[in-house]
Amino acid sequence: MKYLRGVLVVLAIITLAGCSSLTLKGSRQAGGKHLNTRELFDLVSGNTLKLTSYDFDGTVYFSEQGGISGIDNEGMTDTGRWDIKDSEQLCLKFRTWYYGDIRCYSVVMDNNRNLLSFFTPNGAAYYNGSVSDGDVLGLEQEISRTQSSSYVRKKLAAEDDTDTQPRESSNMPATTQSGAARTASAVETSSAVRQLAQKCNGCNLSGADLKEAVLVRAELEGADLSGADLRYANLRRARLAGANLNGARLNHANLPGADLRGCNLRNADLSGANLLLADFTDADLTGADLAGAHTENTIGLAR
């Protein structure tokens, strides 16, 4: 099965290669038009794009207010936001697809103006696409149903740039017990503690002040985070298997795709948290507060 899947991926990539250049540079050299920020806005705002790649085949509507609503070829739907970076890139952020990550693309239009090619920031081809005027599939109703009137398009581009930078706050001591013991004294800055928490399997961070900390893909397996303040922290795809989060404050934390297998989450406050696609297999959630949490497509979480 793995071999067959690999063959299919290779065939898909070869198919895409036949339709457009595999790199942004090659597409430009072939005469394609690299769309600037104004052209990107005019292209997508209020219109529908059909997008195809090796791992996605679907249709996405871009509302003039910055919302997106998509449906794939299997009938699965999702909503999110779109924005344009000043580096001439179109940025998409779905609620569930791609783990809620922000993804930005340079867009090139071919000479016949009927094929779009999307390239990742490193210049590799990703999507092929075409555009249709208006909301051809009536997808806008999903945006209005799932989102409020508060728009954050300008914020998306900034999040993409600062996604992995730690923020400063108050001081907090910490100790690690993986390999030789490391100790962060009470006089160390919170910035150092947050940097430590990026890769700190088995650390003692009990009671740590990590409010609003950016810990994307942090390695905290088996760490002691009991009673820690992680309110509004960004723990997207963090590896927390076996961690002790007893009594931790995780309200409104961002945890899509987080690995929480076997975690002690007794009495943890997860109210309002984003838990999309998080894995709670064998986690202890006795007394945990999940009021208002987004739990769609979670694994191992009793409904």
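Throughout what follows, the structure given in this document is the object of discussion. (Residues numbered from 1 in each chain as written. Predicted model: local features only at pLDDT ≥ 70, side-chain atom pairs only at ≥ 80, totals over all residues. Heavy atoms only, no water.)

1. Concerning the overall build of the protein
Then step 1. Counting secondary structure elements, the protein contains 6 helices and 11 strands.
Then step 2. The 303 residues of the protein split such that 45% are buried.
Then step 3. Long-range pairs, those at least 24 residues apart, make up 33% of the contacts in the protein with a sequence separation of at least 6.
Then step 4. If you sum the accessible surface of the protein, you get close to 14,900 Å²; carbon and sulfur atoms cover 48% of it. (Helix = DSSP H or I, 4+ residues; strand = E, 2+ residues; numbered from the N terminus. Buried < 20%, exposed > 50% of the residue type's maximum accessible area, 1.4 Å probe, protein only. Contact = heavy atoms within 4.5 Å. Areas by Shrake-Rupley, 256 points an atom, 1.4 Å probe, with all protein chains shown as cover.)

2. Concerning the state of the cysteines
Then step 1. What the rule picks out here adds up to 2 disulfides.
Then step 2. Across the disulfide, Cys91 is cross-linked to Cys104 (sulfur-sulfur distance 2.1 Å). An S-S torsion of about 105° defines the bridge between Cys91 and Cys104 as right-handed. Within this pair, whereas Cys91 is found in strand β6 (residues 89-94), its partner Cys104 is found in strand β7 (residues 102-109), the two being separated by 13 residues in sequence. Accessibility assignment for this pair places Cys91 and Cys104 in one class, buried.
Then step 3. A disulfide bridge connects Cys200 with Cys203, and the sulfur atoms are separated by 1.4 Å. Given an S-S torsion of about -80°, the disulfide between Cys200 and Cys203 has left-handed geometry. Considered together, Cys200 and Cys203 belong to a single accessibility category, that of buried residues.
Then step 4. Once the bonded cysteines of the protein are numbered in order along the sequence, the disulfide links fall as 1-2, 3-4. (Disulfide = S-S within 2.5 Å.)

3. Digging into the side chain of Ser69
Then step 1. Following the sequence through the fold, Ser69 ends up in strand β4 (residues 67-72).
Then step 2. A polar side-chain atom of Ser69 sits 3.1 Å from the main-chain carbonyl oxygen of Leu139.
Then step 3. With residues near it in sequence (within four places) discarded, Ser69 still touches Thr59, Val60, Tyr61, Asp78, Thr79, Leu139, Glu142 and Ile143. (Polar contact = N/O pair within 3.5 Å; in protein donor to acceptor, adjacent residues only side chain to side chain.)

4. As for the packing of aromatic side chains
Then step 1. Counted by the stated rule, this structure contains 11 aromatic pairs.
Then step 2. When the centroid spacing of 6.0 Å and the interplanar angle of 40° are considered together, the rings of Phe41 and Trp82 count as tilted. Placement of Phe41 in helix α3 (residues 37-44) and of Trp82 in strand β5 (residues 77-85) is noted, with a sequence separation of 41 residues between them.
Then step 3. Look at Trp82 and you get buried, because its relative accessible area is 0%.
Then step 4. Ring plane angle 70° and centroid distance 5.9 Å describe the contact between Tyr54 and Tyr126, whose orientation is recorded as edge-to-face. Of this pair, Tyr54 sits in the loop between β2 (48-53) and β3 (56-62) while Tyr126 sits in strand β9 (residues 125-132), and the two are 72 residues apart along the sequence.
Then step 5. By relative accessible area, Tyr54 is classed as partly exposed at 42%.
Then step 6. When its relative accessible area of 9% is taken as the criterion, Tyr126 is described as buried.
Then step 7. Aromatic rings pair up to connect Tyr54, Phe56, Phe94, Trp97, Tyr105, Phe118, Tyr126 and Tyr127 into one cluster. (Phe/Tyr/Trp six-rings, centres within 6.5 Å; stacked < 30°, edge-to-face > 60°.)

5. A word on the environment of Val136
Then step 1. Looking at where Val136 falls in the secondary structure, it is placed in the loop between β9 and α4 (140-146).
Then step 2. With a relative accessible area of 47%, Val136 lands in the partly exposed category.
Then step 3. Val136 sits 75 residues away from Tyr61 along the chain, and the two C-alpha atoms are 8.2 Å apart.

6. Concerning the environment of Asn274
Then step 1. Summarising the element assignment, Asn274 is placed in the segment after α6 (190-196).
Then step 2. Through-space distance from the C-alpha of Asn274 to that of Gly100 is 9.8 Å; in sequence the pair is 174 residues apart.
Then step 3. The residues contacting Asn274, other than those within four sequence positions of it, are Ala253, Asn254, Leu255, Pro256 and His294.
Then step 4. A distance of 2.9 Å separates a polar atom in the side chain of Asn274 from a polar atom in the side chain of Asn254.
Then step 5. Polar contacts involving the side chain of Asn274 include one to the main-chain amide nitrogen of Leu276, which spans 3.3 Å.

7. Topic: the pattern of salt bridges
Then step 1. Tallied over the full model, the rule gives 13 salt bridges.
Then step 2. In this structure, the salt-bridge partner of Asp42 is Arg38, at a minimum N-O distance of 2.9 Å. In this pair, Asp42 and Arg38 are both assigned in helix α3, 4 residues apart and thus about one turn of the helix distant.
Then step 3. Assessed through its relative accessible area of 52%, Arg38 is described here as exposed. (Salt bridge = Lys/Arg side-chain N within 4 Å of Asp/Glu carboxyl O.)

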